[in-house]
Amino acid sequence: MTLATLDIQSVTQAELDNHITEQSEQSAYYEIDSTDDVFGKLYRVWGGEKGINLLGTFYQSLEGCWISQPCCTTQRASWATDGQAINAILTA
């Protein structure tokens, strides 16, 4: 390994560590719970400092994909993972 390669790896690792820290801090501001629905589990994403604001809901369809719907919209989106559905709600 060259010195330049080590520098690039160090910078990349520092950026990754920073990103993980930011994500951990953001995750402290939301909670997820679930409720039984006629068609299965309905997951709810709550946010705010006290976790009292409903940000949106998501569920897994019969086809296996995850459907998200942020609050204050009628638009739904389909995702491959539950994490993508959660992220769509948090960034809406």
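Preceding this paragraph is the structure being described.
Below, the structure is looked at part by part. This structure is a prediction, so every number in the text was calculated from the model and none was measured.

The subject of this paragraph is the sheet that holds strand 4 (residues 66-70). The strand order across the open sheet built from 5 strands is 1-2-3-4-5, with neighbouring strands paired in antiparallel fashion. Two strands bound the open sheet, and with one partner strand each, they are strand 1 (30-37) and strand 5 (77-79). Across the sheet, the mean angle separating the axes of adjacent strands is 30° when strand polarity is ignored. Alignment of strand 1 against strand 2 (residues 40-47), held across 8 bridges, turns out to be antiparallel. When the bridges of strand 2 are listed, Tyr30 appears paired with Gly47.

Here the focus is the side chain of Ser68. Tracing the sequence through the fold places Ser68 in strand 4. There is a polar contact of 2.9 Å between the side chain of Ser68 and the side chain of Trp79. Those residues in contact with Ser68, other than ones at most four positions away along the chain, are Thr57, Phe58, Gln75, Arg76, Ala77, Trp79, Ala85, Ala88 and Ile89.

What follows covers the nonpolar core. Counting 6 residues, the largest nonpolar core is built from Val45, Phe58, Trp66, Ala85, Ile86 and Ile89. Broken down by element, this core gets its largest block of residues, 3 residues, from helix 2 (residues 82-90). Sequence-distant contacts of Phe58, that is, excluding residues within four places in its chain, are made with Ile32, Leu42, Tyr43, Val45, Trp66, Ile67, Ser68, Asp82, Ala85, Ile86 and Ile89.

Further remarks concern the state of the cysteines. Per the counting criterion, the structure on display carries 0 disulfides. Looking at the unpaired Cys72, the closest cysteine sulfur is the one in Cys71, lying at 5.9 Å.

Another aspect to go through is the layout of surface pockets. Take a probe with the size of a water molecule and roll it over the atoms, and the empty space left behind shows itself. Volume-wise, the largest pocket comes out at about 250 Å³. Asp37, Phe39, Gly40, Lys41, Leu42, Tyr43, Tyr59, Gln60, Ser61, Leu62 and Trp66 together form the lining of the largest pocket. Counting residues per element, the ones that place at least two in the lining of the largest pocket are strand 2 and strand 3 (53-60). The greatest single-element share of the lining of the largest pocket, amounting to 4 residues, is contributed by strand 2.

Applying the stated criterion across every chain yields a total of 2 salt bridges. Among the salt bridges present, the one from Asp33 reaches Arg44, with a minimum N-O distance of 2.9 Å. Placement of the pair is Asp33 in strand 1 and Arg44 in strand 2, with a sequence separation of 11 residues. The partner of Lys41 in a salt bridge is Asp36, with the nearest N and O atoms 3.1 Å apart. Overall, the relative accessible area of 41% leaves Lys41 in the partly exposed class. Residue classification places Asp36 among the exposed residues on the basis of a relative accessible area of 62%.

Here is what the cut-offs are and how they apply
- Residues numbered from 1 in each chain as written.
- Predicted model: local features only at pLDDT ≥ 70, side-chain atom pairs only at ≥ 80, totals over all residues.
- Heavy atoms only, no water.
- Pairing = 2+ DSSP bridges.
- Helix = DSSP H or I, 4+ residues; strand = E, 2+ residues; numbered from the N terminus.
- Axes fitted to C-alpha atoms, helices over the stretch in contact; angles between N-to-C directions.
- Polar contact = N/O pair within 3.5 Å; in protein donor to acceptor, adjacent residues only side chain to side chain.
- Contact = heavy atoms within 4.5 Å.
- Core = buried A, V, L, I, M, F, W, Y, C linked by side-chain atoms within 4.5 Å.
- Buried < 20%, exposed > 50% of the residue type's maximum accessible area, 1.4 Å probe, protein only.
- Disulfide = S-S within 2.5 Å.
- 1 Å grid on protein atoms, 1.4 Å probe; cavity = no way out; pocket = protein on both sides within 12 Å on 5 of 7 lines; lining within 4 Å.
- Points joined across faces, edges and corners; volume = space filled by probe spheres on them.
- Salt bridge = Lys/Arg side-chain N within 4 Å of Asp/Glu carboxyl O.

Don't take any of this as a statement about function, it's just geometry.
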